[in-house]
Amino acid sequence: MKELDEIKKLFEESLGLVKTMEDLNNLRTNFLGKSGHLTTCMKLIKDMSPEDKKSFGVGVNVLKDEVNKGIAEKQVELENLAIEKELADMPKVDLTTPTGKEKGSLHPVTIIEQRLGNIFRSMGFTIEDGNEVETEYNNFEAVNIPKFHPARDMQDTFYLNNGQVLKTHTSASQNRIMRKYGAPLKAIFPGRCFRNEELDASHENTFFQMEGMMIDKNVSISNLIYFMKTMLSEVFEREVNVRLRPGFFPFVEPGFELDCSCPYCGGKGCRVCKHSGWIELCPCGMIHPNVLKMGGIDPEEYQGFAFGLGLSRLVMMTYGFGDIRHLNGKDLKILEQTKLK
Ligand code: PHE
């Protein structure tokens, strides 16, 4: 029994000195191996008296359990240390951070909006912000659409409980901007518009327009045609022609639908222009005197033109999107195609 105590002491001391897996394996052999301390002890049993055999046997087994347990614990401890060391030695990079390949990009609407913004800025226009929630007055009355006018069709407008509306067109910002700057003024105001549309490939309840206004002395339809032609030629990076057809909007007089010669086929006719050679792009006209008056501008002294470019349509045309819903969608594979290189 004295020997068992010594072996136990020796084991505890040796275990304390173990630093590596190799040390641990040696320790295991020294105590549990064929000629290890415990194995040698077991061999003594056969020469003992029956009483000694029993108590010594129990003692050996208890010690064997302790040795096994001690070795197993040490093994876990060494393994953990090895993992910690490996981690500490690893380069300090977060392997989960996205690589450059997944870099984001501006949304196609933003890309085109910024391009148009630069073109208009170079022609002396300022870029204005508009509210998405507007007063009924600004959305309708201030642009000459009185109550009970058919253009106020309840089906199309999202009314809020407080009587305000989600703006149905960027023209809703005309009045604020006229009041802010007075005349003369040259401004564009891109913005999100909302209409209660039945959704399909060419109709969304949320879409983008870009409005423009130029107000000054002696502004005429020629100015309108010049600016639209210049701007569209820049956008499509080729010379385009424009033509005006009559169009009705209560806030312009005269009002037009502006068509642009198809930038894809040069007017010869193709799929994009449905073989007509022209693309309907931009309602516009000379600002109605009532609208100027409501904006605090004297129509006897100043005239102006306004246009409402269908920004979502232009984006679709530019990138060849067949479905307007992609513009508000979350399909990154589709949006990826418009990434700036
Ligand atoms: N606000 C009109 C619309 O959304 C477009 C427009 C703007 C027409 C400016 C004429 C002048 O349909």
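Up top you'll find the structure we're talking about.
These numbers were taken from a predicted model, which means no experiment stands behind them. (Residues numbered from 1 in each chain as written. Predicted model: local features only at pLDDT ≥ 70, side-chain atom pairs only at ≥ 80, totals over all residues. Heavy atoms only, no water.)

### Let's talk about the overall build of the protein
And step 1. Helix and strand content of the protein: 11 helices and nine strands.
And step 2. Projected onto its principal axes, the C-alpha positions of the protein cover 130 × 50 × 35 Å.
And step 3. The buried share of the protein, reckoned over its 341 residues, is 41%.
And step 4. For the protein, the share of sequence-separated contacts (at least 6 apart) that also reach a separation of at least 24 residues comes to 65%.
And step 5. Carbon and sulfur atoms make up 54% of the accessible area of the protein, which amounts to about 19,700 Å² in all.
And step 6. Between the mean site of the 43 positive side-chain charges and the mean site of the 48 negative ones, the protein shows a separation of 4 Å. (Helix = DSSP H or I, 4+ residues; strand = E, 2+ residues; numbered from the N terminus. Buried < 20%, exposed > 50% of the residue type's maximum accessible area, 1.4 Å probe, protein only. Contact = heavy atoms within 4.5 Å. Areas by Shrake-Rupley, 256 points an atom, 1.4 Å probe, with all protein chains shown as cover. Lys, Arg positive; Asp, Glu negative; His and termini not counted. Charge placed at Lys NZ, Arg CZ, Asp CG, Glu CD.)

### Brief notes about the side chain of S233
And step 1. Residue placement: S233 occurs in helix α8 (residues 221-236).
And step 2. Judged by its relative accessible area of 13%, S233 falls in the buried class.
And step 3. At a separation of 2.8 Å, a polar atom in the side chain of S233 contacts the main-chain carbonyl oxygen of K229.
And step 4. Residue contacts for S233: discarding those within four places in its chain leaves R238, E239 and V240. (Polar contact = N/O pair within 3.5 Å; in protein donor to acceptor, adjacent residues only side chain to side chain.)

### Structural notes on the site of the ligand
And step 1. In the vicinity of the ligand, 13 residues are found, and the nearest of them are H169, S171, R195, Q209 and F251.
And step 2. Within the contact set of the ligand, a nitrogen atom lies 2.8 Å away from a side-chain nitrogen or oxygen of S171.
And step 3. Between the ligand and the protein, one listed contact pairs an oxygen atom with a side-chain N or O atom of R195 at 3.0 Å.
And step 4. When the ligand is considered free in solution it has 330 Å² of accessible area, and contact with the protein chains removes 92% of it.
And step 5. Contributions of two or more residues to the shell around the ligand are made by β5 (206-216), β8 (278-287) and β9 (303-309).
And step 6. For the shell around the ligand, the element with the highest residue contribution is β9, accounting for three residues.
And step 7. Broken down by class, the residue content of the shell around the ligand amounts to seven nonpolar, four polar and two charged. (Near = heavy atom within 4 Å. Nonpolar A, V, L, I, M, F, W, Y, C, P; charged D, E, K, R; others polar.)

### Details of helix α1 (residues 2-17)
And step 1. For α1, built from 16 residues, the straight-helix expectation of 22 Å at 1.5 Å per residue is met to within 8% by its first-to-last C-alpha distance of 23 Å.
And step 2. Listed as buried for α1 are L4, I7, F11, S14 and L15. All buried residues of α1 project into a common sector of 100° when viewed along the axis, lining one side. Relative to its buried face, α1 has exposed residues pointing more than 90 degrees away, namely K2, D5, E6, K9 and L17.
And step 3. Along its buried surface, α1 packs onto α2 (21-32), α3 (37-44) and α4 (50-89). (Expected span 1.5 Å × (residues − 1). Arc of directions from axis to C-beta.)

### A closer look at the state of the cysteines
And step 1. Counted according to the given criterion, the structure contains zero disulfides.
And step 2. As a non-bridged cysteine, C260 has C262 as the owner of its nearest cysteine sulfur, 7.8 Å distant.
And step 3. This cysteine, C270, is not joined by any disulfide, and C262 carries the nearest cysteine sulfur, 3.7 Å off. (Disulfide = S-S within 2.5 Å.)

### A word on the side chain of E134
And step 1. With respect to the secondary-structure elements, E134 resides in strand β2 (residues 133-134).
And step 2. Within the local environment of E134, its side chain forms a polar contact with the side chain of N138, the two groups lying 3.1 Å apart.
And step 3. Engagement of the side chain of E134 in a polar contact is seen with the side chain of R176, the distance being 2.7 Å.
And step 4. For E134, the contacting residues outside a window of four places in its chain are Q164, V165, K167, A172 and R176.

### Re the pattern of salt bridges
And step 1. Scanning all chains against the criterion turns up 17 salt bridges.
And step 2. With a shortest N-O distance of 3.2 Å, K85 and D89 are connected by a salt bridge. Here K85 pairs with D89, and both are found in helix α4, just four residues apart, close to one helical turn. Grouping residues by exposure puts K85 and D89 together as exposed.
And step 3. One salt bridge in this structure joins K229 and E239, with 3.0 Å as the shortest N-O distance. Taken as a pair, K229 in helix α8 and E239 in the loop between α8 and β6 (242-246) lie far apart in primary sequence, 10 residues in all.
And step 4. Among the charged side chains, a salt-bridge network with shared partners connects E136, E141, K147 and R152. (Salt bridge = Lys/Arg side-chain N within 4 Å of Asp/Glu carboxyl O.)

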